[in-house]
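# Overview (structure and organization)
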Amino acid sequence: AKAFADLGPQFLLPYTDAPLDAAAAFGRVAPLILEIGFGMGEATAHLVHGLGAEVVAVDVQPPRYDFARYLEVDLRDSAAIEQAVAELTAERVHNLFYCAGLPGRKFLAVDVVTVNFISQRHMINLLVPHMQRGDAIASVSSGAGMGYSFFGKQLQPFMDITDFSQAQAWVREHEKEAWFEPY
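The text that follows walks through the structure, step by step, so that each part is easy to find. (Residues numbered from 1 in each chain as written. Predicted model: local features only at pLDDT ≥ 70, side-chain atom pairs only at ≥ 80, totals over all residues. Heavy atoms only, no water.)

## Some details on the side chain of Ser119
- Within the secondary structure, Ser119 is located in helix α5 (residues 109-127).
- Ignoring any residue separated from it by four or fewer positions in sequence, one finds Ser119 in contact with Leu75, Arg76, Ile81, Tyr98, Thr114 and Phe164. (Helix = DSSP H or I, 4+ residues; strand = E, 2+ residues; numbered from the N terminus. Contact = heavy atoms within 4.5 Å.)

## Quick look at the nonpolar core
- In this structure, Val73, Leu75, Met123, Phe158 and Trp170 are the most contacted members of the largest nonpolar core, which totals 35 residues.
- Elements that contribute at least two residues to this core include exactly β2 (54-59), α4 (78-88), β4 (95-98), α5, α6 (152-159) and α7 (164-174).
- Considering each element in turn, this core owes the most residues, nine residues, to α5.
- Of all hydrophobic cores here, the second largest spans eleven residues; its members include Ala22, Val48, Ala57 and Phe67. (Core = buried A, V, L, I, M, F, W, Y, C linked by side-chain atoms within 4.5 Å. Buried < 20%, exposed > 50% of the residue type's maximum accessible area, 1.4 Å probe, protein only.)

## Overview of the packing of aromatic side chains
- Enumeration over the complete set of coordinates arrives at five aromatic pairs.
- Relative to Trp179, the ring of Phe151 lies with its centre 5.6 Å away and its plane at 40 degrees, an arrangement referred to as tilted. Taken together, the residues Phe151 in the loop between β5 (136-139) and α6 and Trp179 in the segment after α7 connect sequence positions 28 residues apart.
- A residue is classified by how much of its surface remains accessible, and Trp179, at 17% relative accessible area, is buried.
- Members of the aromatic cluster, joined through ring pairs, are Phe117, Phe151, Phe158, Trp170, Trp179 and Phe180. (Phe/Tyr/Trp six-rings, centres within 6.5 Å; stacked < 30°, edge-to-face > 60°.)

These results come straight from atomic positions and should not be treated as a statement about function.
Given below as structure tokens:
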């Protein structure tokens, strides 16, 4: 909630039913960075690419389609994220569409929470200093991604942890609790 309050006026776009016109929304045609493996990420990449955006694909698997650039990144690995951001910020970063997500119950809880939240926050924190007014960050997730809102009290200590490894350790420590849902 604090991030929305503090950064929202600078980085959030108002919701609309109309398709996103990236050039109009951001005031220019510029590269967008997306996790694009499949599903929502792939759909988002096609949407913005079709609107003329230069898409830099970031994923653990090569994309099935050609984009301007592809970086192989395992989002469970903070060093891999840091290396990718260092490469990306050698050029101007305009927008981030974070569409990565692992479904619960198919993967270890720590991997789901790492990819779905810890890595997202880490990547955003690394990219924000390289972004300018008018740039944007969007997080695309399924409805299940809103489940955290039911456990605000239990999750607040986790939300306060800014260190990547410590956040993962918190998940491992609490994943067996009855209320815990990694997705």
